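Spelled out from the first residue to the last, the chains are:
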Amino acid sequence: MEFEHTPVLLEECIENLKIVPDGIYVDGTLGGGGHSEAICQRLSKEGMLIGIDRDRDALAAAEKRLAPYECRKAFVHSNYAEIKNVLAELGIEKINGALLDIGVSSYQLDDPERGFSYMNDAPLDMRMDQSEEFTAYDVVNGYSRNDLKKIIQDYGEERWASRIAAFIEKERQKEPITTTAELVRVIKQAVPAGARREGHHPAKRTFQAIRIEVNDELGGLKKAVTEFIDVLLPGGRLAIISFHSLEDRIVKDIFAEQENPCVCPKNIPVCVCGRKPRVRRITRKPICPLGSEQTDNPRSRSAKLRVCEKLDT
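As a starting point, this report considers the structure included with it. Everything numeric in this text was worked out from a predicted model, so none of it was measured.

**Quick look at the overall build of the chain**
Counting its regular elements, the chain contains 14 helices and 7 strands. For 313 residues, the compact-globule estimate of 2.2 N^0.38 gives 20 Å, and the C-alpha radius of gyration of the chain, at 21 Å, lies within 12% of that figure. With respect to the three principal axes, the spread of C-alpha positions in the chain is 60 × 60 × 40 Å. Sorting the 313 residues of the chain into buried and exposed places 51% on the buried side. Surface exposure of the chain reaches about 15,300 Å², of which carbon and sulfur atoms provide 47%. Distance from the positive charge centre (46 side chains) to the negative charge centre (50 side chains) of the chain: 7 Å.

Written out as structure tokens, the structure reads:
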């Protein structure tokens with residue numbers, strides 16, 4: 001299937017990145033290249049876009065989409081959490097700005113073979129990087145009942161996590177659960193009928209939790225936010241779009257900590273720890289999509305954009 005990408009909060013991202021025509025910018029979650037195309041349109045021949053993605057299909061699609069633009073470009077198959085290694089390989093020390101659009105792409109959700117969606121039957125996969133060996137099959141069939149409960153509860157914020165984990169354990173004792181359809185069936189059996197009639201699909205939260213676990217999305221995000229701040233030039237900006245409350249909380253907390261790193265007791269009148277602010281938050285509250293964008297692109301509804309700017313420290 002063709003890799004299509006409708007960029008979320010596009011105008012808001014570009015406006016807040018304050019793009020310098022000859023600057024170096026990183027799109028750490030390249031996807032189909034929607035955000036990157038808008039960046040490339042504002043770069044001169046001397047400017048550079050570095051596109052990173054764990055999905056080789058995304059890299060190929062974006063490279064084709066961005067070919068007409070005259071700026072320098074580098075397409076890198078990697079995890080955005082490895083930003084320092086990526087830049088070192090390219091011989092680059094600092095960048096003018098970066099964008100991260102966290103989570104699974106529409107292409108990955110819509111490709112039935114990738115196993116991300118509870119709406120299509122497919123092997124239990126959910127890998128963003130298909131060169132990795134660890135899959136959703138390993139989580140569903142290999143994790144203990146307690147570990148399953150924990151990730152479904154923590155990452156999916158699913159109130160029926162205990163029952164779902166118990167039903168999965170019971171089912172896999174008969175034979176391994178190998179497909180998304182089999183997992184959906186087990187989840188539906190676990191969730192009480194009354195709860196199944198509520199707004200979202202009964203498997204939504206569990207699938208989200210397993211996907212986050214398979215791809216270590218939260219661990220990678222914690223590492224990445226700090227390291228992207230490290231490689232920003234003074235005045236450079238980092239823009240992060242999240243779709244999940246846990247992701248947004250990580251971004252919010254790290255931005256706040258980097259803006260006010262002092263660890264002195266509050267009753268001390270003068271800071272003695274010596275820790276100085278590294279960023280200033282451009283967005284005290286997250287920027288959310290307008291109603292018109294939510295109507296045009298329903299998947300944007302839970303999106304939150306936060307932006308910080310590197311200080312000259």
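Picking up where we left off.
**Some details on the environment of C262**
Relative to the helices and strands, C262 is located in the loop between α13 (245–259) and β6 (279–281). Assessed through its relative accessible area of 31%, C262 is described here as partly exposed. Separated by 19 residues in the primary sequence, C262 and R281 have C-alpha atoms spaced 16 Å apart. Not counting residues within four places of it along the chain, the set of residues in contact with C262 comprises C271, C273 and R275.

**Focus: helix α8 (residues 161–174)**
With 14 residues, α8 ought to run about 20 Å at 1.5 Å a step, and its terminal C-alpha atoms sit 21 Å apart, in line with that. Elements that come into contact with the buried residues of α8 comprise α6 (136–142), α7 (145–156), α9 (180–190) and α11 (204–214).

**Side note on the pattern of salt bridges**
Two side chains of opposite charge can pair, provided their charged atoms sit close to one another. Taken as a whole, this structure holds 17 salt bridges when the rule is applied. For D230, the salt bridge is made with R278, and the minimal N-O distance between the two is 2.5 Å. Here R278 lies in the loop between α13 and β6 and D230 lies in helix α12 (residues 217–231), a separation of 48 residues in the sequence. Here the salt bridges share partners, and the residues they tie into one network are E82, K223 and E227.

**Examining the environment of C271**
Tracing the backbone through its elements, the reader meets C271 in the loop between α13 and β6. With a relative accessible area of 40%, C271 lands in the partly exposed category. Taking the C-alpha atoms as reference points, C271 and I39, 232 residues apart in sequence, are found 40 Å from one another. The contacts of C271, once residues within four sequence positions are left out, are C262 and C264.

**Side note on helix α1 (residues 10–17)**
For an α-helix the count is 3.6 residues per turn, leaving residues at separations of three or four pointing the same way. Listed as buried for α1 are E12, C13, I14, N16 and L17. Where α1 is buried, its residues contact β1 (24–27), α2 (34–40), β4 (95–101), β5 (232–242) and β7 (304–310). Immediately beyond the C-terminal end of α1, within one or two residues, lies K18, with a positive phi of roughly 50°.

**Examining the sheet that holds β1**
Judged by pairing direction, the sheet is mixed, and its 7 strands sit side by side in the order β3-β2-β1-β4-β5-β7-β6 without closing on themselves. The sheet is open, and its two edges are formed by β3 (72–77) and β6, each paired on a single side. Geometrically, the sheet is characterised by an average inter-axis angle of 15° between neighbouring strands, direction not taken into account. Pairing geometry for β6 and β7, over 3 bridges, is antiparallel. Bridge pairing links R280 to E309 in β7. Lying over the sheet, α1 contacts β1, β4, β5 and β7, oriented at roughly 165° with respect to β5.

**Details of unusual backbone geometry**
Apart from glycine, the bulk of residues carry a negative phi angle, and the bulk of peptide bonds sit in the trans form. Of note, M126 is a non-glycine position whose phi angle comes to about 70°, a positive value. Residue class for M126 comes out buried when judged on its relative accessible area of 0%.

**Looking at the packing of α7 against α11**
Where α7 contacts α11, the two axes come as close as 8 Å, and the packing angle between them is 100°. One element, α7, and the other, α11, form an angle in the roughly perpendicular class. Taken together, the residues of α11 that come into contact with α7 (itself represented by I151, I152, Y155 and G156) are R205, T206, Q208, A209, I212 and E213.

**Here we look at the pairing of β4**
Of all 7 residues making up β4, 6 are buried, and the element is well covered by its neighbours. As paired elements, β1 and β4 share 3 bridges and run parallel to each other. Across the sheet, D27 pairs through a bridge with L99, a residue of β4. Relative to β5, β4 runs parallel, the two being bridged by 6 bridges. Counterpart to D101 in the pairing with β5 is I241.

**A word on the packing of aromatic side chains**
Applying the stated criterion to the full structure yields 2 aromatic pairs. Taking the centre distance of 5.8 Å and the plane angle of 85° together, the rings of Y118 and F207 count as edge-to-face. On the criterion of sequence distance, the pair formed by Y118 in the loop between α5 (106–110) and α6 and F207 in helix α11 is long-range, its members being 89 residues apart. Relative accessible area serves as the criterion here: at 25%, Y118 is assigned to the partly exposed category. Look at F207 and you get buried, because its relative accessible area is 2%.

Cut-offs and rules
Numbers given for residues are sequential positions, taken from 1 along each chain in its written order. A pLDDT threshold of at least 70 governs which residues receive local features in this predicted model, and a stricter bar of 80 or more applies before side-chain atom pairs are shown or counted, although totals over entire chains, interfaces and linings include all residues. To get the side-chain values, take all heavy atoms of the structure and skip hydrogens and water. Counting from the N terminus, the helices are the DSSP runs of H or I reaching at least four residues and the strands are the DSSP runs of E reaching at least two. To get the radius of gyration, use the C-alpha atoms; to get the globule rule, take the number of residues to the power 0.38 and multiply by 2.2 Å. Throughout, exposure labels follow a simple rule: accessible area from a 1.4 Å probe, protein chains only, divided by the maximum for the residue type, with under 20% read as buried, over 50% as exposed, and the rest as partly exposed. Method for areas: the Shrake-Rupley scheme with a 1.4 Å probe, in which residue coverage is limited to the protein chains shown. We count Lys and Arg on the positive side and Asp and Glu on the negative side, and we leave His and both chain ends out. Throughout, a charge is located at the NZ atom of Lys, the CZ atom of Arg, the CG atom of Asp or the CD atom of Glu. We call two residues contacting when some pair of their heavy atoms lies within 4.5 Å. A helix is expected to span 1.5 Å multiplied by its residue count minus one. When a carboxyl oxygen of Asp or Glu lies within 4 Å of a side-chain nitrogen of Lys or Arg, that pair is called a salt bridge. For two strands to pair, DSSP has to find at least two bridges joining them. With axes taken as lines fitted to C-alpha atoms, and helix axes fitted only over the stretch in contact, angles between N-to-C directions fall between 0 and 180 degrees. Note on angle classes: values under 35 degrees are labelled roughly parallel, values over 145 roughly antiparallel, values of 65 to 115 roughly perpendicular, and the remainder oblique. Ring geometry is summarised as follows: Phe, Tyr and Trp rings, the Trp one being its six-membered ring, pair when their centres sit within 6.5 Å, and such pairs are stacked at plane angles under 30 degrees, edge-to-face over 60 and tilted between the two.

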